[in-house]
Amino acid sequence: MCGIVGYSGPQNAVDILLEGLENLEYRGYDSAGISVFAGDGITTVKAEGRLKCLREKLNTSPVSGHCGIAHTRWATHGEPSDRNAHPHGTERVMLVHNGIIENYLELRSRLTAEGYVFKTQTDTETAALLLDSLYQGDPLAAIREMTRQIEGAYALAILFADRPGEVYGVRKDNPLIAALGEGENFIASDIAAVLSHTKRFFTLEEGEIAVATSCGITVYSPGGAPVEKKVHTATWDVEQARKDGYPHFMLKEIFEQPKALRDTIHPRLKDGLPSFEYDGIPECLFKGRGRIHIVACGTAMYAGLVGRDLIETLARIPVEVQIASEFRYRDPILSKDDLVVIISQSGETADSLAALRLAKQRGVPTLGVVNVAGSTIAREADYVIYTHAGPEIAVASTKAYSVQVSVMYLLAFAMARSARTLGEEEIRAKVEELLQTVEKLPRVLEQNDAIASIAGRFQGSESIFFLGRGLDWALSQEGALKLKEISYIHCEAYAAGELKHGTISLITNGVPVVAVATQEHLLGKMVSNIKEVKARGAWVLLLAQEGSPIDEEVYDQAIRLPKAPDLFTPLLAVAALQLLAYHTSVCRGSPTLRKEGRQGEFPKNS
């Protein structure tokens, strides 16, 4: 969640660094700080709270210089405080850090024995003092030795007091980029930090060390040799990373979904059939596959659950969906004729990346589905499909989920064609149904105000249950995650037929139940399950297609979706669930949405 910015150039580094941190505020944070070369050494200013708290300190005691680093922190080790805020270090070395140092206690004990005094509760200070202990005048040698000794995930931006004008960056399992400007250069955790200055950037591989000065950026391999990097150009600009009049990024991104879906689907159609020539993927990739393994985390995994149902239904190929954080520890059974699909919005998800590397070690073909060009998963996968969601700034993923699901449709169609379970005309018909469903999505978004009114009913709830069958069950899991993630209400999703096996005892008078019932071929069974919870006093919100013959006595309120084939309703229903989560969070004054506001702003309504 943390943000990193480093700068070297002719402008006042303080202004550039604060602007960069402001552009990264969407990540959420509880403190911020900067270190700048000023005078004969490094000056550091830190503050708990929003960026305005840091700005107030800098207004009281101004600092200026032409090179520095900055950070927004999300507390992990140690409470949010001025003391625990980044940067951390000594008179000789200062650094900022994203990630976790897993062996910090061992290192802390050793450094304490060497005479170092720790002033914070953070694991990051351990890395800073370790670097200080190793520094003998050669920054590259000290950084290499530090990374050899620390265990865990990290992205670091570093200043050495005797090397003014230089910012050093190194990473492992956490993203870090270097960006090239005109007479100024940057290190950052995200290109969004510096888009107002440059769109040209490259990503660092694990163990590579970047040295940024006003004159350029030099990159060294883990062994110390200079490295030539391929420079990428960001395809979006700073205006796309702004809220454009929406009160929060989340709402803006929910409304961006129709365009994101069109941008993702249309380049992959040829003569009405799915084609991945655009991605450089040969048709033979989908032929003769014994099993598909979809591996992902969180929202991306729930997109994979939809993909599993689609591929198994249309292509009749068995699919396993696995949580990335468990995949590598299970010693998974993989065969050479399998295909491992890794889904990740950022392309940097550490557990998903580890799963990818395990699959490659086993000699199994890998396909990455990512949103960020040049990301680690995109670079390391055998093949990659880029989703074209554009920047996703909100903490809660919305449009990334939808475009991931749209790729699942295209993959299912392509696999069905290769397996000859569907003929070309049948696939063309389904592609057309997919396109028509996307064009119906604005009709769901038009219900924004009505859904906001319904959300008020959930404001004081302690628990909310989601029910669904088939594709609706996969969708319900994403709906429950979205609502709990941003509203902080306990939410659980159940296969509708499973609730009666014990959990139904939790359904008491007034408990909200969201019944997702868009699968018309399962409607009779679903209505029976809704009646079960209604009989126990549940307050039921129904999500169903227009015209579905459901007795009004079965539910209390309803959100009706445009009519669509059962196979494609997830693309419509998810937008309604996202709006429900968003407006419930607004009603409750959720801290997660508050983090998306500039300078702590948090509108009370949409």
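Residues numbered from 1 in each chain as written. Predicted model: local features only at pLDDT ≥ 70, side-chain atom pairs only at ≥ 80, totals over all residues. Heavy atoms only, no water.

As a further point, take the overall build of the chain. Counting its regular elements, the chain contains 18 helices and 26 strands. In terms of C-alpha radius of gyration, the chain reaches 25 Å, essentially the compact-globule figure of 25 Å for 606 residues. With the C-alpha coordinates of the chain rotated into their principal frame, the extents come out at 75 × 55 × 45 Å. When burial is assessed residue by residue, the chain has 59% of its 606 residues classed as buried. Long-range pairs, those at least 24 residues apart, make up 70% of the contacts in the chain with a sequence separation of at least 6. Surface summary for the chain: the accessible area is close to 22,600 Å², and the carbon and sulfur share equals 48%. Mean positive and mean negative side-chain charge positions of the chain (63 and 76 charges, respectively) differ by 2 Å. (Helix = DSSP H or I, 4+ residues; strand = E, 2+ residues; numbered from the N terminus. Rg over C-alpha atoms; globule rule 2.2 N^0.38 Å. Buried < 20%, exposed > 50% of the residue type's maximum accessible area, 1.4 Å probe, protein only. Contact = heavy atoms within 4.5 Å. Areas by Shrake-Rupley, 256 points an atom, 1.4 Å probe, with all protein chains shown as cover. Lys, Arg positive; Asp, Glu negative; His and termini not counted. Charge placed at Lys NZ, Arg CZ, Asp CG, Glu CD.)

Now for the pattern of salt bridges. The full count for this structure, using the stated rule, is 31 salt bridges. Note that Glu256 and Lys252 form a salt bridge whose closest N and O atoms lie 2.6 Å from each other. What makes Glu256 partly exposed here is its relative accessible area of 23%. Here Asp331 ties to Arg362 by a salt bridge, and the two come within 2.7 Å at their closest N and O atoms. Separated by 31 residues along the polypeptide, Asp331 in the loop between α9 (324–327) and β19 (339–344) and Arg362 in the loop between α10 (350–361) and β20 (366–370) bring together distant segments of the chain. Overall, the relative accessible area of 55% leaves Asp331 in the exposed class. Residue classification places Arg362 among the partly exposed positions, given a relative accessible area of 29%. Each member of the salt-bridge network shares a partner with another, and the members are Asp271, Arg417, Glu424, Glu425 and Arg428. (Salt bridge = Lys/Arg side-chain N within 4 Å of Asp/Glu carboxyl O.)

This brings us to the packing of helix α4 (residues 124–134) against helix α5 (residues 139–149). Relative orientation of the contacting elements α4 and α5 amounts to 130°, with a least axis distance of 9 Å. It follows from the interaxial angle that α4 and α5 lie oblique. Crossing of α4 over α5 shows right-handed handedness. The segment α4 lies against α5, with Ala127, Leu130, Leu131 and Leu134 engaging Ala142, Ile143, Glu145, Met146 and Gln149. Class assignment for the residues of the contact of α4 with α5 results in seven nonpolar, one polar and one charged. (Axes fitted to C-alpha atoms, helices over the stretch in contact; angles between N-to-C directions. Parallel < 35°, antiparallel > 145°, perpendicular 65-115°, else oblique. Left-handed = near helix turned anticlockwise from the far one by under 90°. Nonpolar A, V, L, I, M, F, W, Y, C, P; charged D, E, K, R; others polar.)

Below, the discussion takes up the sheet that holds strand β6 (residues 93–101). Spatially, six strands are ordered β5-β6-β7-β8-β12-β13 in an open sheet, and the strand pairing comes out antiparallel. Looking at the sheet topology across the chains shown, the edges are occupied by β5 (88–89) and β13 (217–220). Where strand β8 (residues 167–172) and strand β12 (residues 209–212) come together, four bridges link them in antiparallel fashion. Across the sheet, residue Val170 finds its bridge partner in β12, namely Ile209. Strands β5, β6 and β7 (152–160) of the sheet are contacted by α4, whose axis makes an angle of about 135° with β6. (Pairing = 2+ DSSP bridges.)

Counting 96 residues, the largest nonpolar core has Tyr409, Leu411, Phe413, Met415, Phe466 and Val514 as the members making the most contacts within it. No other element matches helix α12 (residues 399–419), which puts 13 residues into this core. Not counting residues within four places of it along the chain, the set of residues in contact with Phe466 comprises Ser476, Gly479, Ala480, Leu483, Cys491, Glu492, Ala493, Tyr494, Val514 and Leu577. (Core = buried A, V, L, I, M, F, W, Y, C linked by side-chain atoms within 4.5 Å.)

A few words on the side chain of Asn174. Structurally, Asn174 can be placed in the loop between β8 and β9 (177–180). Its relative accessible area of 17% is what places Asn174 among the buried residues. Discounting residues that sit within four places of it in the chain, Asn174 has contacts with Asn98, Gly99, Ala153, Tyr154 and Ala155.

Below, the discussion takes up the packing of helix α8 (residues 298–315) against α12. Contact geometry for α8 and α12: axes closest at 8 Å, N-to-C directions at 25°. Looking at the two axes, α8 sits roughly parallel to α12. In terms of crossing hand, the pair formed by α8 and α12 is right-handed. Contact with α8, carried on its side by Thr299, Ala300, Tyr302, Ala303, Val306, Gly307, Leu310, Ile311, Leu314 and Ala315, involves Tyr401, Gln404, Val405, Met408, Tyr409, Ala412, Phe413, Met415, Ala416 and Ala419 of α12 and no other residues of that element. Here the contact of α8 with α12 is built from residues that sort into 17 nonpolar, three polar and no charged.

The next thing to look at is the side chain of Asp338. You can see Asp338 is positioned in the loop between α9 and β19. No salt bridge is formed by the buried Asp338; the nearest opposite charge belongs to Arg291, separated by 5.4 Å. Excluding residues within four positions of it along the chain, Asp338 makes contact with Arg289, Gly290, Arg291, His293, Ile333, Val364 and Pro365.

Attention now goes to unusual backbone geometry. With an omega dihedral of 5°, the bond running from His86 to Pro87 counts as a cis peptide bond. Looking at where Pro87 falls in the secondary structure, it is placed in the loop between β4 (67–73) and β5. Phi angles above zero are rare outside glycine, and Arg316 is one such case at about 60°. The topology assignment puts Arg316 in the loop between α8 and β18 (319–323).

Position of Gly470 among the secondary structure elements: in the loop between β22 (463–468) and α15 (471–487). Residue class for Gly470 comes out partly exposed when judged on its relative accessible area of 37%. Apart from the residues lying within four places of it in its own chain, the contact partners of Gly470 are Asp309 and Leu522.

Here we come to the sheet that holds β19. Sheet architecture is open: five strands sit in the order β18-β17-β19-β20-β21, paired in parallel fashion. Each of the sheet's edge strands pairs with one partner strand only, and the pair in question is β18 and β21 (383–386). Sheet twist, expressed as the mean angle between neighbouring strand axes with direction ignored, is 20°. As paired strands, strand β17 (residues 292–296) and β19 are joined by four bridges and run parallel to one another. By the bridge assignment for β19, His293 is matched with Val340.

Taking 1.5 Å per residue as the helical rise, α10 with its twelve residues ought to reach 16 Å, and the 17 Å between its terminal C-alpha atoms agrees with that figure. Within α10 the residues assigned to the buried category are Ser352, Leu353, Ala354, Ala355, Leu356, Leu358 and Ala359. Each element contacted by the buried residues of α10 is listed here: β17, α9, β19, β20 and α11 (376–380). Looking one or two residues beyond α10, the residue adopting positive phi is Gly363, at roughly 75°. (Expected span 1.5 Å × (residues − 1).)

This next bit is on the pairing of strand β3 (residues 41–48). Direction of pairing for strand β2 (residues 31–38) relative to β3: antiparallel, over a ladder of eight bridges. Pairing of Ile34 across the sheet is with Val45, part of β3. A loop of two residues connects β2 with β3, the two strands running antiparallel in sequence, and Gly39 in this loop sits at a positive phi of about 70°.

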